[in-house]
Amino acid sequence: AQRVTQPEKLLSVFKGAPVELKCNYSYSGSPELFWYVQYSRQRLQLLLRHISRESIKGFTADLNKGETSFHLKKPFAQEEDSAMYYCALKGNFNKFYFGSGTKLNVKP
Amino acid sequence: EAGVAQSPRYKIIEKRQSVAFWCNPISGHATLYWYQQILGQGPKLLIQFQNNGVVDDSQLPKDRFSAERLKGVDSTLKIQPAKLEDSAVYLCASSLGGEGYGYTFGSGTRLTVV
């Protein structure tokens, strides 16, 4: 069965510190993984996708099929990174499965 | 491009009343989704349309929820009668589909059932 797990509900770091938001998945096929972000009072929006291997706003995520993980990383957190982050797995028929989210709080 | 439009933004109803939400996807997006997001949880898929046909409604509580997508464009989601546990944000999303494509979400409708 498809499942996405984000073990941390809340992650607090100081500005300038490294950030890693954890995501593990369960999927029998070849996965497509995404990270979505929701800033305060804004809609859920796509942050990045593993297939494009891009860096967005300093964030990167590498798909590790051996560990079934897709952790989101940023070397130096900024206050404006404070938001809810959701890891998502794209399964059959373009159906997305979301994790429960991690709230990132970057303190000044 | 214009985003996914949803209305209303907020709705407060009493339990056992009915409510309807509306979604207008991005032009040209064949796939439309309705998600329910309960406070503290990630979005959960309720129903997925491909054009005006239903692809997946396995998690839609069909005794009280219904949805339709007229002419493969706009969609409405209805709850009748509402229960307290239906309080959530209802998100509409659309997608071109295909490898590498994500969703574009609307701003959601926050439903409070009292």
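Predicted model only: the values in this text are computed from it and were never measured. (Residues numbered from 1 in each chain as written. Chains lettered and ligands numbered in written order. Predicted model: local features only at pLDDT ≥ 70, side-chain atom pairs only at ≥ 80, totals over all residues. Heavy atoms only, no water.)

Enquirer: What is the right way to read the packing of aromatic side chains from this model?
Expert: Remark: the centre distance and the inter-plane angle together describe each pair of aromatic rings, the angle taken between the planes. Summed over the entire model, instances satisfying the criterion amount to 17 aromatic pairs over all chains. A centroid spacing of 5.0 Å and a plane angle of 25 degrees characterise the contact between Phe21 of chain B and Tyr90 of chain B, whose relative ring orientation is stacked. Of this pair, Phe21 of chain B sits in strand 3 (residues 19-24) while Tyr90 of chain B sits in strand 9 (residues 88-95), and the two are 69 residues apart along the sequence. For the pair formed by Phe21 of chain B and Tyr90 of chain B, the shared burial category is buried. Chaining the aromatic ring pairs together yields one cluster made of Phe34, Tyr36, Phe96 and Phe98 of chain A together with Tyr33, Tyr35, Tyr103 and Phe105 of chain B. Across from the ring centre of Phe14 of chain A, 4.4 Å away, lies the NZ or CZ of Lys107 of chain A, which sits over that ring. (Phe/Tyr/Trp six-rings, centres within 6.5 Å; stacked < 30°, edge-to-face > 60°. Helix = DSSP H or I, 4+ residues; strand = E, 2+ residues; numbered from the N terminus. Buried < 20%, exposed > 50% of the residue type's maximum accessible area, 1.4 Å probe, protein only. Lys NZ or Arg CZ within 6 Å of the ring centre and 35° of its normal.)

Enquirer: How should the interface of chain A and chain B be read in this particular structure?
Expert: Size of an interface, as often reported, equals the accessible area lost when the parts are brought together. The interface is formed by 18 residues belonging to chain A together with 23 residues belonging to chain B. Scanning the region where chain A abuts chain B turns up 1 salt bridge. Between Asp56 of chain B and Lys95 of chain A there is a salt bridge, with the nearest N and O atoms lying 2.2 Å from each other. Summed over the shared surface of chain A and chain B, the number is 8 residue pairs in polar contact (both at pLDDT 80 or more). Here the side of chain A that touches chain B is built from residues that sort into 8 nonpolar, 4 polar and 6 charged. (Contact = heavy atoms within 4.5 Å. Salt bridge = Lys/Arg side-chain N within 4 Å of Asp/Glu carboxyl O. Polar contact = N/O pair within 3.5 Å; in protein donor to acceptor, adjacent residues only side chain to side chain. Nonpolar A, V, L, I, M, F, W, Y, C, P; charged D, E, K, R; others polar.)

Enquirer: Whenever I open this one, the sheet that holds strand 7 (residues 60-61) of chain A confuses me. Can you help?
Expert: Sheet strands pair by backbone hydrogen bonding; their relative direction is either parallel or antiparallel. One open sheet holds the 3 strands; their spatial order is 3-8-7 (chain A), and the pairing between them is antiparallel. Only two strands of the sheet have a single neighbouring strand rather than two, namely strand 3 (19-21) and strand 7 of chain A. (Pairing = 2+ DSSP bridges.)

Enquirer: Explanation requested: the state of the cysteines in the structure shown.
Expert: Note on terminology: disulfide describes a covalent bond linking the sulfur atoms of two cysteines. Under the criterion given, the structure shown has 2 disulfides over all chains. For Cys23 of chain A, the disulfide goes to Cys87 of chain A, at an S-S distance of 2.0 Å. Where Cys23 of chain A bonds to Cys87 of chain A through sulfur, the torsion about that S-S bond is close to -65 degrees, and the disulfide is left-handed. Within this pair, whereas Cys23 of chain A is found in the loop between strand 3 and strand 4 (24-26), its partner Cys87 of chain A is found in strand 9 (residues 83-90), the two being separated by 64 residues in sequence. Note on cysteine connectivity: Cys23 of chain B is disulfide-linked to Cys92 of chain B, with sulfurs 1.9 Å apart. Where Cys23 of chain B bonds to Cys92 of chain B through sulfur, the torsion about that S-S bond is close to -65 degrees, and the disulfide is left-handed. Placement of Cys23 of chain B in strand 3 and of Cys92 of chain B in strand 9 is noted, with a sequence separation of 69 residues between them. Owing to a relative accessible area of 0%, Cys23 of chain B belongs among the buried residues under this scheme. For Cys92 of chain B, a relative accessible area of 0% translates into the label buried. (Disulfide = S-S within 2.5 Å.)

Enquirer: I would appreciate a short explanation of the side chain of Ser75 of chain B in the present structure.
Expert: Residue and element names in this part refer to chain B. Structurally, Ser75 is set in strand 8 (residues 75-79). A relative accessible area of 1% places Ser75 in the buried class. Of note is the side chain of Ser75, whose polar atom sits 2.9 Å from the side chain of Trp34. When neighbours within four sequence positions are excluded, Ser75 is seen to be in contact with Phe21, Trp22, Cys23, Leu32, Trp34, Phe49, Glu68 and Arg69.

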